[in-house]
Amino acid sequence: ALSCFALISFFCILNFIFKIKNLSLIYKSLAPIGLTFNFIAIFTGSFWGQPTWGTWWAWDARLTSMLILMFFYIIFIFSYKFILNPEKSSKVCTAISILGLINLVIIKYSVSWWSTLHQPSSINLIGELFEPSIIDGSYFFINKKGIAVMASTTDTQKKGKNVVCPKAQIIAGPPAKPSDMATA
């Protein structure tokens, strides 16, 4: 829903500046898709919120700003459906999309700016490190097995002998003998 509205805003601004008629067809077709995604996000979020928070709806900053985004979608769709003058419709759609861009920033940072039911970001690529408890343990297990298998299949030369990592031998078994490989 957020990406659709960002694309709609981008195409509206390009259409407003360069008057490319095909862009209006694109943003008009993206709006119902984004509205559908937004509705699904709010609807399924309430199902998730009931057992988690004990309520179907809370006036949480993220939920409220997503509801406002839904209203932006509805107003945007009504503006190009009911304003018959294409130039005026394009201007109104551009204005609505620019206001909606401000709401996208609010949606993104609402959990950081206000104390809400939603937790802040768990994984930050820039800044603080992520909490290791949120990462699934199976990722580390699979990653460790993959490294061990790579180590067991890659022989390293050490003083003229093929040496394999001892931990890899435990997991993958001893390396194959050259005589076994010749017969296979």
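Residues numbered from 1 in each chain as written. Predicted model: local features only at pLDDT ≥ 70, side-chain atom pairs only at ≥ 80, totals over all residues. Heavy atoms only, no water.

A.B. asks: Help me out: how do you make sense of helix H1 (residues 2–18) in this one?
C.D. replies: Because an α-helix completes one turn every 3.6 residues, residues spaced three or four positions apart along the sequence face the same direction. Across its 17 residues, H1 extends 24 Å between first and last C-alpha, which sits within 8% of the 24 Å expected from 1.5 Å per residue. Considered for burial, the residues of H1 that qualify are Cys 4, Phe 5, Ile 8, Ser 9, Phe 11, Cys 12 and Asn 15. Each element contacted by the buried residues of H1 is listed here: helix H2 (21–53), helix H3 (61–82) and helix H4 (86–113). Residue Lys 19 follows H1 closely and has a positive phi angle near 55°. (Helix = DSSP H or I, 4+ residues; strand = E, 2+ residues; numbered from the N terminus. Expected span 1.5 Å × (residues − 1). Buried < 20%, exposed > 50% of the residue type's maximum accessible area, 1.4 Å probe, protein only. Contact = heavy atoms within 4.5 Å.)

A.B. asks: Which parts of the structure should I look at to understand the packing of aromatic side chains?
C.D. replies: Geometrically, a pair of aromatic rings is defined through the distance of the ring centres and the angle of the planes. Inspection of every chain in the model, using the stated rule, returns 13 aromatic pairs. Taken together, a centroid distance of 5.7 Å and an interplanar angle of 65° make the contact between Tyr 27 and Phe 76 edge-to-face. With Tyr 27 in helix H2 and Phe 76 in helix H3, the pair connects residues that are 49 residues apart, well separated along the chain. Across the pair, exposure class does not vary: Tyr 27 and Phe 76 are buried alike. Between the aromatic rings of Trp 48 and Trp 53, the centroid separation amounts to 5.3 Å while the plane-to-plane angle is 80°, which identifies the pairing as edge-to-face. We classify Trp 53 as partly exposed; its relative accessible area is 24%. Three or more aromatic residues link up through ring pairs in this structure, and these residues are Phe 39, Phe 43, Phe 47 and Trp 56. (Phe/Tyr/Trp six-rings, centres within 6.5 Å; stacked < 30°, edge-to-face > 60°.)

A.B. asks: Is there a simple way to think about the side chain of Asn 103 in this case?
C.D. replies: Structurally, Asn 103 is set in helix H4. Accessibility expressed as a relative area gives 5% for Asn 103, which makes it buried. Each residue touching Asn 103, except ones within four places of it in the same chain, is listed here: Ser 65, Ile 68, Leu 69 and Phe 72.

A.B. asks: Looking at this structure, how should I read unusual backbone geometry?
C.D. replies: Most peptide bonds are trans, and most residues other than glycine sit at a negative phi. For Lys 19, which is not glycine, the phi torsion reads 55° and is therefore positive. Tracing the backbone shows Lys 19 in the loop between H1 and H2.

A.B. asks: Looking at this model, I keep getting lost on the environment of Ile 83. Mind explaining?
C.D. replies: Residue position: Ile 83 is located in the loop between H3 and H4. Setting aside residues no more than four positions away along its own chain, Ile 83 makes contact with Phe 78, Lys 88, Ser 89 and Val 92.

A.B. asks: Explain the confidence of the model for the protein here, please?
C.D. replies: As a general rule, the predicted coordinates of low-pLDDT regions are not to be interpreted in detail. Confidence in the prediction of the protein, expressed as mean pLDDT, is 78, and 64% of residues score 70 or more. Under a pLDDT of 50 for its full length, residues 129–143 has, in the predicted model, eight contacts with residues more than four places off or in other chains. Confidence over residues 148–160 falls short of pLDDT 50; this stretch has 16 contacts with residues more than four positions distant or in other chains. (pLDDT = per-residue confidence, 0-100.)

A.B. asks: It is not clear to me how the side chain of Ser 97 should be interpreted in this structure. Could you clarify?
C.D. replies: Among the structural elements, Ser 97 can be located in helix H4. If sequence neighbours within four positions are ignored, Ser 97 has contacts with Phe 5, Ser 9, Cys 12 and Phe 76.

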